[in-house]
Amino acid sequence: MKLPVQATLAATALLLSSCAEPPKPPRPVPVKPPVEINGLWYLDQGWSQEARQWYYNATQGSQIMRYDWFMALEDPQTKQPFVKSITRYGYAAGTPGSWNPDLLPVGFVKDTDPDKTAWFGMTCAACHTGDVTVDGKTMRIDGAVTTGDLYGFISGLSNAVHATVSSDAAFQPFATRVLGATATDQQKLALFDGLKSFDQSFAAFVAASTPDTPWGSMRTDAFGMIFNRVSAIDLNLPKNNRAPNAPVSYPFLWDAPHQPRVQWNGLLPNATAFDALGRNAGEVLGVFGKVTLKPPANAAHYYYTSTVRGRNLVDMENQLRKLRSPVWPDSLAGNVDIVKAAAGEPIYKENCESCHAILPRGETYTTAPIQMVPLFNWAQPDNAKAVIAAFGTICTKGVDAAVAAKMVTINYGADPKMAVDALCRQVDTGAIANVAMPPQLLGGKPLKNPDLAANLLSNAVIGAIFGDLVREPGLLVDLLKGDDAPAPWLTASAPTGWSPESLTKDGTLDTTPFVKPGARMTADHQKVIAALTGRGQTKPTVGAVPAGGRAATAQAKAATSAPSAAATTGTASSDEEALAATIKQLLAYKARPLDGVWATAPFMHNGSVPNLYEMLLPTSQRSVTFRMGSTSIDPVKVGVDSSAAGASFVYDTTKPGNRNTGHEFGSSLTDTQRWQLLEYLKTL
């Protein structure tokens with residue numbers, strides 16, 4: 001039953017309007033009270049402690065460095081094990097328990113290969129679990145924004161490795177910790193050579209990942225990092241590296257599985273379980289997952305080999321579907337002024353709800369509506385050739401040039417760098433030029449050379465998923481479970497296998513029917529196709545018509561040629577029409593429901609506004625610089641506490657990619673109305 005929270009607020013305000021100094025009535029809160037465990041406060045977000053700990057510690061396939069090496073590594077700054085330094089970079093401390101025997105920080109895990117080699121890696125929990133501190137009490141918010149500094153972490157790790165191989169005084173105790181006190185000189189030499197090789201390759205990765213504008217804590221250039229990993233490292237083409245200069249704030253995860261499109265620019269469709277798996281597999285490749293990008297050996301082995309752990313990714317997505325947003329905890333953060341909140345409700349409905357839908361707190365839901373806000377008005381929006389020409393100018397000469405040429409005008413003034421970089425970037429596709437993933441019979445389109453980085457990423461992700469699928473038939477079963485999937489920590493995966501008539505000689509699924517027309521399909525192949533298209537699901541993964549699971553998005557099909565200032569006359573081809581539609585769709589930023597928004601500072605897609613109060617001000621009145629990086633929040637203005645001791649990173653909005661422009665929808669409000677609206681936002 002839907003709880004009448006908003007109605008109660010409005011009725012209370014009306015009842016008290018005639019009182020001189022009314023006492024503040026209690027606010028009805030439709031969740032269980034906060035619970036303290038090991039010094040941390042957990043809010044009721046729909047997860048049990050078992051679910052939470054499983055999510056924090058389950059591997060996705062990230063492999064940063066060998067686990068024994070990492071656990072033996074010393075931080076040259078602290079002279080302590082480097083594993084203890086991870087929290088110095090803002091990541092949440094782990095808690096003791098059977099899930100985490102080595103007490104790793106949240107989202108840092110051990111991954112084990114089939115050959116039993118153990119690796120140290122990350123999961124999405126590292127970047128999407130946030131600690132929020134008010135009046136000395138720290139709440140751990142699942143799905144929220146980390147205070148982690150990713151670049152600080154990887155550069156610190158690189159420095160520690162380099163210090164270890166640069167000094168015998170540092171290497172010898174490291175070798176003893178890895179190999180034991182009785183190790184031979186030959187064993188130590190082999191270890192040294194291996195660590196030296198890792199030092200060189202990881203240092204090169206860090207150098208290529210160094211942004212011109214520092215990200216600081218709470219942000220990263222996710223697409224830039226993923227594009228660099230796949231196009232430069234996995235393809236072994238260093239010339240594809242680009243400085244990752246379009247950082248974004250980590251998006252909060254509650255409601256994300258229910259949105260029809262994900263990422264700040266809506267780049268990825270999210271209609272089926274396969275879409276969700278692809279999105280999460282891309283995240284793994286961006287945080288040190290590995291994929292071997294070379295042409296498939298033959299039709300029967302049409303896929304890429306990777307470290308992606310598809311079954312865990314499906315389980316994690318199912319777990320995230322149950323995650324609810326955190327309700328403002330009056331007992332920890334101070335009472336909401338419900339009189340002001342009631343006055344703020346109609347202000348929200350008039351000014352905000354058309355873009356930021358309200359999700360019913362007391363009901364289940366299958367769809368979280370979003371609104372894509374276009375960055376540009378196109379001078380000739382119905383002329384595909386003109387849109388493509390304008391896009392070419394934006395990519396090659398910049399937004400200002402396209403505006404000056406009267407090809408576009410600005411519709412939404414937010415910093416466009418993230419959306420533009422994600423769609424414009426071209427890369428050499430190297431060894432997998434002309435390879436289609438999925439196979440063309442399933443709707444894939446061969447990569448061109450050069451091609452859009454987004455298309456290369458889509459190709460790599462789908463090929464990696466195919467590789468996981470042919471080896472792990474249980475992944476297909478998991479994809480088809482949907483909302484009926486049992487908790488992975490309670491139910492062991494049932495043994496399953498491909499039927500004998502579906503197998504290759506080495507025991508993997510024969511992919512020939514997906515590649516060669518007329519090849520006989522078995523029931524196994526039909527089930528795979530059903531999973532890719534969403535037809536095998538008994539319930540919608542999100543509340544949208546399954547479309548993205550046909551294994552190739554409109555972008556991957558159409559946006560395969562370099563943008564150029566092409567002729568704007570003549571009849572556009574079907575590919576040009578599709579490309580123009582994709583350009584208009586993806587040069588935009590997503591507005592989403594704001595439930596739990598109080599726990600997600602900093603704000604805007606690039607984290608350029610420190611608090612909700614400033615989000616309601618004209619750009620000219622917002623902070624030009626502010627400090628962030630602490631878990632402490634300002635409970636009055638609702639956002640980062642720039643005065644906190646741990647807020648050490650200075651965010652400068654004058655730097656490229658850091659602009660705090662746009663979203664001036666509250667600029668016409670009075671200050672009284674802003675405070676009323678702010679109080680209402682706490683109740684969402």
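Predicted model, so just to flag it, every value in this text is computed and none were measured. (Residues numbered from 1 in each chain as written. Predicted model: local features only at pLDDT ≥ 70, side-chain atom pairs only at ≥ 80, totals over all residues. Heavy atoms only, no water.)

Visitor: Account for the state of the cysteines, with residues named and values stated.
Guide: Note on terminology: a disulfide is the covalent bond linking the sulfur atoms of two cysteines. Tallying each qualifying case throughout the model produces 1 disulfide. Between Cys-395 and Cys-424 runs a disulfide, and the two sulfur atoms are separated by 1.8 Å. Looking along the S-S bond of the Cys-395-Cys-424 disulfide, the torsion reads about -75 degrees, which is the left-handed sense. Of this pair, Cys-395 sits in helix H13 (residues 384-397) while Cys-424 sits in helix H15 (residues 417-424), and the two are 29 residues apart along the sequence. Of all cysteine sulfurs, the one in Cys-124 lies closest to Cys-127, which takes part in no disulfide; the gap is 8.7 Å. Accessibility expressed as a relative area gives 8% for Cys-127, which makes it buried. Of all cysteine sulfurs, the one in Cys-352 lies closest to Cys-355, which takes part in no disulfide; the gap is 8.9 Å. (Disulfide = S-S within 2.5 Å. Helix = DSSP H or I, 4+ residues; strand = E, 2+ residues; numbered from the N terminus. Buried < 20%, exposed > 50% of the residue type's maximum accessible area, 1.4 Å probe, protein only.)

Visitor: How would you explain the packing of aromatic side chains if you had to name every residue and give the values?
Guide: As enumerated under the stated definition, the model contains 26 aromatic pairs in all. Relative to Phe-120, the ring of Phe-108 has its centre 5.8 Å away and its plane inclined at 10 degrees; by these criteria the two rings are stacked. Separated by 12 residues along the polypeptide, Phe-108 in strand S4 (residues 108-112) and Phe-120 in strand S5 (residues 118-122) bring together distant segments of the chain. Of the two residues, Phe-108 and Phe-120, neither departs from the other in class, the shared state being buried. (Phe/Tyr/Trp six-rings, centres within 6.5 Å; stacked < 30°, edge-to-face > 60°.)

Visitor: Any details on the sheet that holds S4? Residues and values, ideally.
Guide: If you walk across this open sheet you meet the 3 strands as S3-S5-S4, and the pairing is antiparallel. What marks the edges here is a single partner per strand, and that holds for strand S3 (65-66) and S4. In this sheet, S5 lies alongside S3 in antiparallel orientation, the contact comprising 2 bridges. The partner of Arg-66 across the bridge, within S5, is Trp-119. (Pairing = 2+ DSSP bridges.)

Visitor: Can you break down the pattern of salt bridges residue by residue, with the values?
Guide: According to the stated counting rule, one finds 16 salt bridges in the structure shown. A salt bridge links Asp-111 to Arg-309; the shortest N-O distance between them is 2.7 Å. Here Asp-111, found in strand S4, pairs with Arg-309, found in the loop between strand S13 (305-306) and helix H10 (310-320); they are 198 residues apart in sequence, far enough to count as distant. For the pair shown, Asp-111 and Arg-309 are each scored as buried. (Salt bridge = Lys/Arg side-chain N within 4 Å of Asp/Glu carboxyl O.)

Visitor: Can you explain helix H2 (residues 49-57)? Please cite residues and give values.
Guide: Burial runs high along H2: 7 of the 9 residues are buried. Three or more residues of H2 are buried, namely Ala-51, Arg-52, Gln-53, Trp-54, Tyr-55, Tyr-56 and Asn-57. Buried residues in H2 make contact with strand S2 (40-42), S4, helix H4 (124-127), strand S6 (129-134), strand S7 (137-142) and H10. (Contact = heavy atoms within 4.5 Å.)

Visitor: How would you sum up the confidence of the model for the protein? Please name residues and give values.
Guide: Of all residues in the protein, 90% have pLDDT values of 70 or greater, and the mean over the chain is 89. Low pLDDT (under 50) marks residues 1-21, which in the prediction has 25 contacts with non-local residues, meaning those over four places away or in another chain. A low-confidence stretch, residues 538-562 (pLDDT under 50), is modelled with 75 contacts involving residues beyond four sequence positions or located in other chains. (pLDDT = per-residue confidence, 0-100.)

Visitor: Just give me the short version of the side chain of Thr-429, but keep the residues and values in it.
Guide: Inspection of the secondary structure puts Thr-429 in the loop between strand S17 (426-427) and strand S18 (451-452). Not counting the four nearest positions on each side in its chain, Thr-429 is found in contact with Leu-235, Leu-447, Lys-448, Asn-449 and Asp-451.

Visitor: I'd like to hear about the nonpolar core, residue by residue, with values.
Guide: Counting residues in hydrophobic clusters, the biggest one holds 184 residues, and the most contacted among them are Tyr-55, Met-122, Phe-153, Leu-157, Leu-587 and Trp-598. Counting residues per element, this core draws most heavily on helix H16 (residues 453-471), which supplies 12 residues. Residue contacts for Tyr-55: discarding those within four places in its chain leaves Trp-47, Thr-123, Cys-124, Ala-125, Leu-253, Met-316 and Leu-320. (Core = buried A, V, L, I, M, F, W, Y, C linked by side-chain atoms within 4.5 Å.)

Visitor: An account of the sheet that holds S6 is needed here, citing residue identities and associated values.
Guide: Note: strands within a sheet are paired through backbone hydrogen bonds, in either parallel or antiparallel orientation. Strand order in the open sheet formed by 4 strands is S1-S2-S7-S6, with mixed pairing between adjacent strands. Looking along the sheet, the strands with just one partner apiece sit at the ends: strand S1 (35-37) and S6. Geometrically, the sheet is characterised by an average inter-axis angle of 35 degrees between neighbouring strands, direction not taken into account. Where S1 meets S2, 3 bridges bridge the pair, whose relative direction is antiparallel. Counterpart to Glu-36 in the pairing with S2 is Trp-41. (Axes fitted to C-alpha atoms, helices over the stretch in contact; angles between N-to-C directions.)

Visitor: Help me get a handle on the pairing of strand S23 (residues 649-652), residues and values and all.
Guide: Burial along S23 is one-sided: Phe-649 and Tyr-651 are buried, while Val-650 and Asp-652, pointing the other way, are not. By the bridge criterion, 4 bridges tie strand S20 (residues 625-628) to S23 in an arrangement that is antiparallel. The residue of S23 that forms the bridge with Thr-625 is Asp-652.

Visitor: Residue-level account of unusual backbone geometry, with values.
Guide: Of the consecutive residues Met-437 and Pro-438, the connecting peptide bond is found in the cis state with omega at 0 degrees. With respect to the secondary-structure elements, Pro-438 resides in the loop between S17 and S18. Residue Ala-601 is joined to Pro-602 through a cis peptide bond whose omega torsion reads 0 degrees. Of note, Pro-602 is situated in the loop between strand S19 (588-591) and helix H22 (612-615). Here Lys-406, not a glycine, exhibits a phi torsion of approximately 60 degrees, which is positive. Within the secondary structure, Lys-406 is located in the loop between helix H14 (399-404) and strand S16 (408-410). Overall, Lys-406 belongs to the exposed group, its relative accessible area being 69%. Of note, the phi angle at Met-604 is positive, near 75 degrees, even though the residue is not glycine. By the element assignment, Met-604 lies in the loop between S19 and H22.

Visitor: Please give an account of the packing of helix H9 (residues 273-286) against H16 that cites residues and values.
Guide: Relative to each other, H9 and H16 sit at 105 degrees, their axes nearing to 9 Å. Overall, the two elements H9 and H16 adopt an arrangement that is roughly perpendicular. On the side of H9, the interface is formed by Phe-274, Leu-277, Gly-278, Ala-281, Gly-282 and Leu-285, while H16 contributes Ala-460, Val-461 and Ile-465. Per-class residue counts for the contact of H9 with H16 are 7 nonpolar, 2 polar and no charged. (Parallel < 35°, antiparallel > 145°, perpendicular 65-115°, else oblique. Nonpolar A, V, L, I, M, F, W, Y, C, P; charged D, E, K, R; others polar.)

Visitor: Let's hear about H13: which residues, and what values?
Guide: Over its 14 residues, H13 runs 20 Å from end to end, which matches the ideal 20 Å to within 8%, given 1.5 Å per residue. Counting buried positions over the 14 residues of H13 gives 11, a clear majority of the element. Those residues of H13 that fall on the buried side of the exposure criterion are Ala-384, Lys-385, Ala-386, Val-387, Ile-388, Ala-389, Ala-390, Phe-391, Gly-392, Thr-393 and Ile-394. Buried residues in H13 make contact with strand S15 (376-378), H14, S16, H15 and helix H21 (574-586). (Expected span 1.5 Å × (residues − 1).)

Visitor: A description of the environment of Gly-224 should follow, citing residues and the corresponding values.
Guide: On the secondary structure map, Gly-224 appears in helix H8 (residues 222-234). C-alpha separation for the pair Gly-224 and Asn-241, spaced 17 residues apart in sequence, amounts to 8.9 Å. Ignoring anything within four residues of it in the chain, the contact list for Gly-224 reads Pro-244 and Arg-425.

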